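Inside the fold
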Amino acid sequence: ERRLEGLLLGEALEEAMSTFEEAKVAVLVKKYDYLDHRNLEFNEDFELFMGKTNMLKESIASMIENNFDSVWETPQGIRFLIRFEKVSTKIPISTMSDKYERILKYCEKELDRILKLFKKQRDDPPLERCLPPISGRIKWCRSLQSHLKELITNISSHPVLVNHPITKDLENRYNYAKTYIAEYEQEMTQLWLSQDVSVADACLIQPVLAIQNDKLIVNLHPTIPLLIREAKCLSKLSIELPIVATTLLCKQHHFDTISDSMNVSL
């Protein structure tokens, strides 16, 4: 009950506890002196008790092996591996080496998958709906980096996995992928920092009002709100802001106030 690390729950745990209690009671109800070394009946009862508990351990081992057989090819594999290692000191789990292999094979496939996904989507990545283009791309590539870093960190911090022959190759491939993805972030950052002042100037010299479909509208160029939104999101990502973006961000309240008041008037 205390050492199964949440691997056996509900009816299975209750059944296992009931089986053990039955085996224990069968020994405790005996009337003879347990310390009498000449009592051969005790030896027979003790062997019977140990046989039942060993069968119970094998049954528990088989049950949790079957229940968690598919977890080793998932991101939760290492978390459950630590639980299994603790339980294996009490329960005869004989396939731990196979679990190490399966986890490392999964990490290999996951690293390859992320790298292929990045190469395929780098020109048109899936962006969160609320994020503008540049900050969305940077957050996207950072999320891939974070996922890969978590995989490698979990492996490198595990006393058995870190010494496995496959781990060294995984670390080398991770370093390549990390550098490759980091270059993409640098490209996006440089694109952001190299924006020309004339872009904002061209938007701001437009007439305040314009006629569209025979209606008078507030002529705030969409580039201005976009630059403000980019500046706000990138500042949260600790990306440097050019002077143009910083100025526009500081004036956000001014643009909102003027735009709203004119829309109300219209």
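Quick note: structure is the one above.
All figures in this text were calculated on a predicted structure; none of them were measured in a lab.

Successive residues of a regular strand alternate their side chains across the two faces of the sheet. Pairing of strand β1 (residues 209-212) with strand β2 (residues 215-218) involves four bridges; the strand directions are antiparallel. Bridged to Leu-209 within β2 is Val-218. Connecting the antiparallel pair β1 and β2 is a turn made up of two residues, with Asn-213 showing a positive phi of about 55 degrees.

Our focus in this paragraph is the packing of helix α3 (residues 77-87) against helix α4 (residues 96-121). For the pair α3 and α4, the least separation of the axes is 11 Å and the interaxial angle reads 170 degrees. Here α4 runs roughly antiparallel to α3, going by the angle between their axes. In the crossing of α3 with α4, the sense of the turn from one axis to the other is left-handed. Where α3 abuts α4, its residues Gly-77, Ile-78, Leu-81, Phe-84 and Glu-85 lie against Met-96, Lys-99, Tyr-100 and Ile-103.

We now examine the packing of helix α5 (residues 133-156) against helix α8 (residues 223-236). Where α5 contacts α8, the axes come no closer than 8 Å and their chain directions differ by 25 degrees. Classified by the angle their axes make, α5 and α8 are roughly parallel. Only Leu-226, Glu-230, Cys-233 and Leu-234 of α8 make contact with α5, whose side of the interface consists of Pro-133, Ile-134, Ser-135 and Ile-138. Residue classes in the contact of α5 with α8 are distributed as six nonpolar, one polar and one charged.

Calculation criteria
Residues numbered from 1 in each chain as written. Predicted model: local features only at pLDDT ≥ 70, side-chain atom pairs only at ≥ 80, totals over all residues. Heavy atoms only, no water. Pairing = 2+ DSSP bridges. Helix = DSSP H or I, 4+ residues; strand = E, 2+ residues; numbered from the N terminus. Axes fitted to C-alpha atoms, helices over the stretch in contact; angles between N-to-C directions. Parallel < 35°, antiparallel > 145°, perpendicular 65-115°, else oblique. Left-handed = near helix turned anticlockwise from the far one by under 90°. Contact = heavy atoms within 4.5 Å. Nonpolar A, V, L, I, M, F, W, Y, C, P; charged D, E, K, R; others polar.

These results come straight from atomic positions and should not be treated as a statement about function.
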